[in-house]
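Tertiary structure, described
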Amino acid sequence: MALTKEITCHQAVALVSDYLDGALSRRERRRLEHHLAGCDACSAYLDQMKVTIALSGSVSPEDLPEKALTDLMEVFENFQRDRNDEGD
Ligand SMILES: [Zn+2]
């Protein structure tokens, strides 16, 4: 059965900064947390964002170099491909 409320990794990543900023609605936060609970890649991204914020004091992904974000997304996609290859 398809869960129409599921968010994609790209959506989750887009929500993480607002999540850390406390800017999400309760519904958005629950959807993101549900995704994070089942997605190691996005959980790792959340951890990375926390480190970035701790270092820079900023929540804005705009502050990250564009290349860093691109590299990060490639890591996610490779990670998910690997997981899919393992079968699940
Ligand atoms: Zn994800």
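In short, a report on the structure. Given the structure is predicted, the values throughout are model-derived calculations rather than measurements. (Residues numbered from 1 in each chain as written. Predicted model: local features only at pLDDT ≥ 70, side-chain atom pairs only at ≥ 80, totals over all residues. Heavy atoms only, no water.)

Some thoughts on the overall build of the protein
- Helix and strand content of the protein: four helices and zero strands.
- Moving toward the C terminus, one meets the helices and strands of the protein in the order α-α-α-α.
- Relative to its 88 residues, the protein shows a buried fraction of 25%.
- Considering only contacts in the protein between residues 6 or more positions apart, those separated by 24 or more positions represent 63%.
- Accessible surface for the protein amounts to roughly 6,400 Å². Of this, 49% is attributable to carbon and sulfur atoms. (Helix = DSSP H or I, 4+ residues; strand = E, 2+ residues; numbered from the N terminus. Buried < 20%, exposed > 50% of the residue type's maximum accessible area, 1.4 Å probe, protein only. Contact = heavy atoms within 4.5 Å. Areas by Shrake-Rupley, 256 points an atom, 1.4 Å probe, with all protein chains shown as cover.)

Here's the deal with the packing of helix α2 (residues 26–38) against helix α3 (residues 40–56)
- Contact pair α2 / α3: the axes reach a minimum separation of 6 Å and the direction vectors enclose 110 degrees. In terms of their interaxial angle, α2 and α3 are classed as roughly perpendicular. Seen from above, α2 lies across α3 with left-handed handedness. Touching H35, L36 and G38 of α2 are D40, C42, S43 and L46, all from α3.
- Residues of the contact of α2 with α3, tallied by class, amount to three nonpolar, three polar and one charged. (Axes fitted to C-alpha atoms, helices over the stretch in contact; angles between N-to-C directions. Parallel < 35°, antiparallel > 145°, perpendicular 65-115°, else oblique. Left-handed = near helix turned anticlockwise from the far one by under 90°. Nonpolar A, V, L, I, M, F, W, Y, C, P; charged D, E, K, R; others polar.)

Description of the coordination of the zinc ion
- Distances from the zinc ion to its protein donors, namely C9 (SG), H35 (NE2), C39 (SG) and C42 (SG), fall within the range 2.0 to 2.3 Å.
- The site at the zinc ion holds four donor atoms, and with the angles between them running 103 to 117 degrees, its shape is tetrahedral.
- We note that the donor set of the zinc ion lies within a single chain, spaced as C-x25-H-x3-C-x2-C.
- For C42, a relative accessible area of 1% gives the class buried. (Donors = N, O, S within 2.8 Å, 3.2 Å for Na, K, Ca; no water. Tetrahedral: all angles 85-135°; square planar, octahedral: opposite > 155°, others 65-115°.)

Section: the side chain of H35
- Relative to the assigned elements, H35 resides in helix α2.
- Not counting residues up to four positions away in its chain, the partners in contact with H35 are I7, T8, C9, A12 and C42.

Details of the packing of helix α1 (residues 9–20) against α3
- With their axes 10 Å apart at the nearest point, α1 and α3 run at an angle of 30 degrees to one another. Between α1 and α3 lies a crossing whose hand is right-handed. Mapping the contact onto sequence places C9, A12, V13, V16, S17, Y19 and L20 in α1 and C42, Y45, L46, M49, K50 and I53 in α3.
- Tallied by class, the residues present in the contact of α1 with α3 amount to eleven nonpolar, one polar and one charged.

Details of α3
- The end-to-end C-alpha distance of α3, which contains 17 residues, comes to 24 Å, matching closely the 24 Å that a straight helix rising 1.5 Å per residue would cover.
- If you check which residues of α3 are buried, you get A41, C42, Y45, L46, M49, T52 and I53. End-on, the buried residues of α3 take up no more than an arc of 140 degrees, which puts them together on one face. The exposed residues of α3 that point more than 90 degrees off its buried face are A54 and L55. (Expected span 1.5 Å × (residues − 1). Arc of directions from axis to C-beta.)

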